[in-house]
Amino acid sequence: MRLSRLHAPTLKEVPKDAEVVSHQLLVRAGYIRKLAAGIYDFLPLAKRVVRKIETIIREEMDAAGAQEVFLPAVVPAEVWQESGRWFQYGPELLRFKDRKGGDFCLGPTHEEVIVDLVKRDVRSWRSLPLNLYQIQTKFRDEVRPRFGLMRGREFVMKDAYSFDVDDAATNRSYDAMYAAYERIFARCGLQFRAVEADTGSIGGSRSHEFQVLASSGEDAIVSCAQCSYAANVEQAELHLHHEPPPAVAEKAYERVHTPNRRTIAEVTDYLRRPARQFIKTLIVDADDRLFAVLVRGDHELNLIKVKKLLGAQRVDLAHEEQVRTATGAAVGFAGPVGLRGVVGILADNAVRGMTHAVAGANADDHHFVDVTEGRDFQVTRFGDLRLAVEGDPCPRCGGELKSFRGIEVGHVFFLGTKYSDAMKCTYLDESGVERPMVMGCYGIGVTRTMAAAIEQNHDADGIVWPLAIAPYRVIVLPLQMNVPDVVQAAEKLYADLQAAGVEVLLDDRDERAGVKFKDADLLGIPLRVAIGGRGLKDGVVELKPRRSSEVQQVPLADIARRVAEWTE
RNA sequence: CGGGGCGUAGCGCAGCCUGGUAGCGCACUUGCUUCGGGAGCAAGGUGUCGGAGGUUCAAAUCCUCUCGCCCCGACCA
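Residues numbered from 1 in each chain as written. Chains lettered and ligands numbered in written order. Predicted model: local features only at pLDDT ≥ 70, side-chain atom pairs only at ≥ 80, totals over all residues. Heavy atoms only, no water.

A. Representation of the overall build of chain A within the structure. Secondary structure summary: chain A contains 15 helices and 31 strands in total. The buried share of chain A, taken over its 568 residues, is 52%. Taking contacts inside chain A between residues at least 6 apart in sequence as the whole, the part at least 24 apart equals 68%. In the structure as shown, chain A presents an accessible area of about 25900 Å², 48% of it carried by carbon and sulfur atoms. One way to put it: in chain A the 74 positive side-chain charges average out to a point 2 Å from where the 81 negative ones average out. (Helix = DSSP H or I, 4+ residues; strand = E, 2+ residues; numbered from the N terminus. Buried < 20%, exposed > 50% of the residue type's maximum accessible area, 1.4 Å probe, protein only. Contact = heavy atoms within 4.5 Å. Areas by Shrake-Rupley, 256 points an atom, 1.4 Å probe, with all protein chains shown as cover. Lys, Arg positive; Asp, Glu negative; His and termini not counted. Charge placed at Lys NZ, Arg CZ, Asp CG, Glu CD.)

B. Summary view of the packing of aromatic side chains. Across all of its chains, the model carries 11 aromatic pairs by this definition. Among the aromatic side chains, those forming a connected cluster through ring pairs are Tyr178, Tyr181, Phe185, Phe192 and Phe210. (Phe/Tyr/Trp six-rings, centres within 6.5 Å; stacked < 30°, edge-to-face > 60°.)

C. Region of the structure containing the pairing of strand S1 (residues 32-36). Where S1 and strand S2 (residues 39-42) come together, 4 bridges link them in antiparallel fashion. Pairing of Lys34 across the sheet is with Tyr40, part of S2. The antiparallel hairpin formed by S1 and S2 contains 2 residues in its connecting segment, where Gly38 sits at a positive phi of about 75 degrees. (Pairing = 2+ DSSP bridges.)

D. The protein's contact with RNA strand B, seen in detail. Close contacts around RNA strand B come from 40 residues, with Arg144, Arg262, His319, Asp521 and Glu542 the closest. Among the atoms of RNA strand B close to the protein, meaning within 4 Å, 43% are from sugar or phosphate groups. A distance of 2.9 Å separates a sugar or linking oxygen of RNA strand B from a polar atom in the side chain of Lys12. At a separation of 3.2 Å, a sugar or linking oxygen of RNA strand B approaches a polar side-chain atom of Lys16. Secondary structure elements with two or more residues in the surface near RNA strand B: strand S14 (279-286), helix H13 (513-523) and helix H14 (533-537). Across the surface near RNA strand B, the residue classes tally to 12 nonpolar, 8 polar and 20 charged. (Near = heavy atom within 4 Å. Polar contact = N/O pair within 3.5 Å; in protein donor to acceptor, adjacent residues only side chain to side chain. Nonpolar A, V, L, I, M, F, W, Y, C, P; charged D, E, K, R; others polar.)

E. Quick peek at the confidence of the model for chain A. Of all residues in chain A, 98% have pLDDT values of 70 or greater, and the mean over the chain is 90. When mean pLDDT is compared element by element in chain A, strand S27 (residues 474-478) scores highest at 98, while helix H7 (residues 264-271) scores lowest at 78. Across the assembled chains, the prediction reports ipTM 0.90 with pTM 0.89. (pLDDT = per-residue confidence, 0-100.)

F. Looking closely at the pattern of salt bridges. Counted according to the given criterion, the structure contains 40 salt bridges. Between Arg2 and Glu491 there is a salt bridge, and its shortest N-O distance comes to 2.9 Å. With a gap of 489 residues between them, Arg2 in the segment before helix H1 (21-28) and Glu491 in helix H12 (residues 484-499) connect regions that are remote in the sequence. Connected through shared salt-bridge partners, Arg48, Lys52, Arg473 and Glu503 make up one network. (Salt bridge = Lys/Arg side-chain N within 4 Å of Asp/Glu carboxyl O.)

G. Just unusual backbone geometry, in detail. With an omega of 5 degrees, the peptide bond between Leu128 and Pro129 qualifies as cis. Tracing the chain through its elements places Pro129 in the loop between helix H5 (111-121) and strand S7 (130-139). Phi at Arg272 takes a positive value of approximately 55 degrees, unusual for a residue other than glycine. Tracing the backbone shows Arg272 in the loop between H7 and S14. Note on Arg272: relative accessible area 75%, which makes it exposed. Unusually for a residue other than glycine, Asp287 sits at a positive phi of about 50 degrees. By secondary structure assignment, the location of Asp287 is in the loop between S14 and strand S15 (289-296). Taking relative accessible area as the criterion, Asp287 reaches 33% and is therefore assigned partly exposed.

H. Structural view of the sheet that holds S27. Taking strand neighbours across the sheet as the criterion, the 5 strands line up as S28-S27-S29-S30-S31 in an open arrangement whose pairing is mixed. In this open sheet, the two strands that pair with only one neighbour each are strand S28 (504-506) and strand S31 (552-555). Averaged over all adjacent pairs, the angle separating strand axes in this sheet is 25 degrees, with direction ignored. By the bridge criterion, 4 bridges tie strand S29 (residues 527-531) to strand S30 (residues 540-545) in an arrangement that is antiparallel. Of the residues in S30, the one forming a bridge with Ala530 is Glu542. Running at roughly 175 degrees to S27, H13 makes contact with S27, S28 and S29 of the sheet. (Axes fitted to C-alpha atoms, helices over the stretch in contact; angles between N-to-C directions.)

I. Here's a closer look at the sheet that holds strand S13 (residues 254-257). As summarised here, the arrangement of the 3 strands in space is S13-S19-S18, forming an open sheet in which the pairing is antiparallel. Edge strands, defined here as strands with exactly one partner in the open sheet, are S13 and strand S18 (357-360). Each strand axis lies, on average, 35 degrees off the axis of its neighbour in the sheet, ignoring direction. Two strands pair when backbone bridges link them, and S13 and strand S19 (residues 366-371) are joined in this way by 4 bridges, in the antiparallel orientation. Looking at the pairing, Glu254 lines up with Val369 of S19.

J. Spatial organisation of the nonpolar core. Counting 64 residues, the largest nonpolar core has Tyr31, Tyr181, Phe185, Met450 and Trp465 as the members making the most contacts within it. Ranked by residue count, the leading element in this core is helix H2 (residues 44-63), at 8 residues. In this view, Tyr31 contacts Leu26, Asp41, Phe42, Leu43, Leu45, Ala46, Val49, Ile463, Trp465, Pro471 and Leu523; residues no more than four positions away in its chain are not counted. Of all hydrophobic cores here, the second largest spans 28 residues; its members include Tyr89, Leu128, Met423 and Met439. (Core = buried A, V, L, I, M, F, W, Y, C linked by side-chain atoms within 4.5 Å.)

K. Representation of H13 within the structure. When we look at burial in H13, the residues that qualify are Lys516, Asp519, Ala520, Asp521, Leu522 and Leu523. Elements that come into contact with the buried residues of H13 comprise H1, H2, strand S26 (462-463), S27, S28 and S29. Phi for Gly524, located one or two positions after H13, is positive at around 85 degrees.

L. Region of interest: the environment of Val165. Within the secondary structure, Val165 sits in the loop between strand S8 (154-164) and helix H6 (167-187). In sequence terms Val165 and Gly501 are 336 residues apart; their C-alpha atoms lie 46 Å from each other.

M. Highlighting the environment of Gly353. Take Gly353: it is sitting in the loop between strand S17 (344-348) and S18. Note on Gly353: relative accessible area 23%, which makes it partly exposed. For Gly353 and Asp41, which are 312 residues apart along the polypeptide, the C-alpha to C-alpha distance reads 58 Å.

N. A look at the environment of Gln226. Note on placement: Gln226 falls in the loop between strand S11 (219-224) and strand S12 (230-232). The sequence separation of Gln226 and Glu400 amounts to 174 residues, and the corresponding C-alpha distance is 7.2 Å. When residues no more than four places from it in sequence are discounted, the contact partners of Gln226 are Cys397, Gly399 and Glu400. A polar contact is formed between the side chain of Gln226 and the backbone nitrogen of Glu400, at a distance of 3.3 Å.

This is how it looks when you write it as structure tokens:
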């Protein structure tokens, strides 16, 4: 492709509405344009990257035994009513009516549609397992679309659904998808981790997220330095490796005045005690019953774990009024000592045996100091209730956990029979008994993967594409368009590379060398060949990988072969 | 959903407070010079000042409503 013809309008200035680097670079390098909040045009270069990611996905999904289908984006309400989600899903589901007044939605995910399809025609155990996937545009009317392609409203997703006779068979389908995902992201040239994730409200038993490692990632994950364990911080279990000794208190607790100091930071500053000596007391609403939950001051509460411990349907932090009802004080002054307004007091394991701790006094502008667990208050139930942090012990091997930031680009999920039960998707087993199919679902955010690749691979000059998903692999720069030898050599190389099947861009624009270098870097093309009058006199051209800073001088006669080798 | 901010040329912005008939940089067109890391000079085109209504002799500017976009927050203790 000639750059003079390519529709890739590059910008010198950073667009003002772009916050994250992938968004900035995609706009600046002429890959995307915004049409509306969270809705983007994909220009030719972006389309090529998306297609490359899709091709890798297709090859690996097909190799894993899945079959590609294409389901409608516009979905009639009936199937969503059948599963019950028409009423459960919030405003993220974009609903609308057709001309006859019938209800429809734009599919944010396709469990209903796929189950509807499978249950019609699959009746026998002989037809299972079955794994169907599609690559398609999804729409989720996000509360707050942001970060460009990272959290758009319209995006391209690969979604797959497996149907099996039982849990064991589903686990095999799951394992096959897990392995396929590892190959897909490895082939895309990305650094990633598969992490254990929360199974959430769907109630499945297994779930892994595929996280592309990037410091700008929205998700916090921990991974063991010694073994292969990795998990989302929300999911990471924290086992108690040794029982702390019972608390031995020296001092009695006393009440101190802490005017208007509500947060841990404010109080630790004011009292000059470290955060780890603080007992944070959170009031939570679990199915309309109020509980106090205690975690150490330097730890963070994990509501998901609280929900599991209580076996509750719903757990939220309490509202301001509820906090006042429970503690008799404003938010920020709750503490376990003398707390009456709650059904029970739960505490994270790290709170066990704490002495000389600081806690809220359940009175405005007051805290207690030198509080001791067991003596000054009784915990109803201890458990693992906090987010994991760097340095926590690995639940598998006891090694040290390291923390990372990640971008979730894929998710594999053991679904079970939630949808097949609700929508009566059943088969007849060998003995003629009707059973629900057991399902798994497997998603990859295709357009998000493109953005994540940039978040992980960029520098001050622009994008640095991994070879496998670059829109073109080579860019040829004739540095002086007014020197016939330079233009000729560039044209010949361009033609030779095309003939050899190498995806190549030729910057044939009548621009100065500086402009061409800047644009080549911005676009992120993995290999650059610069042809200039100076080098040509000595019969050489320059070869420079985008990722490295060293320039190789290559004889003109060898350049086509060298490039072809490099890009293989 | 709550709070804040911004809509002026393709892009980035100034002008608004203190009303007087719209400007800067980049980009774009033409010419000359330049030619290995976003060139210089000259000439040129570009706007319903987001939309509607109001106040006024006069509105980008003041007022009201509305639409769009961005950021922060959604109880982080």
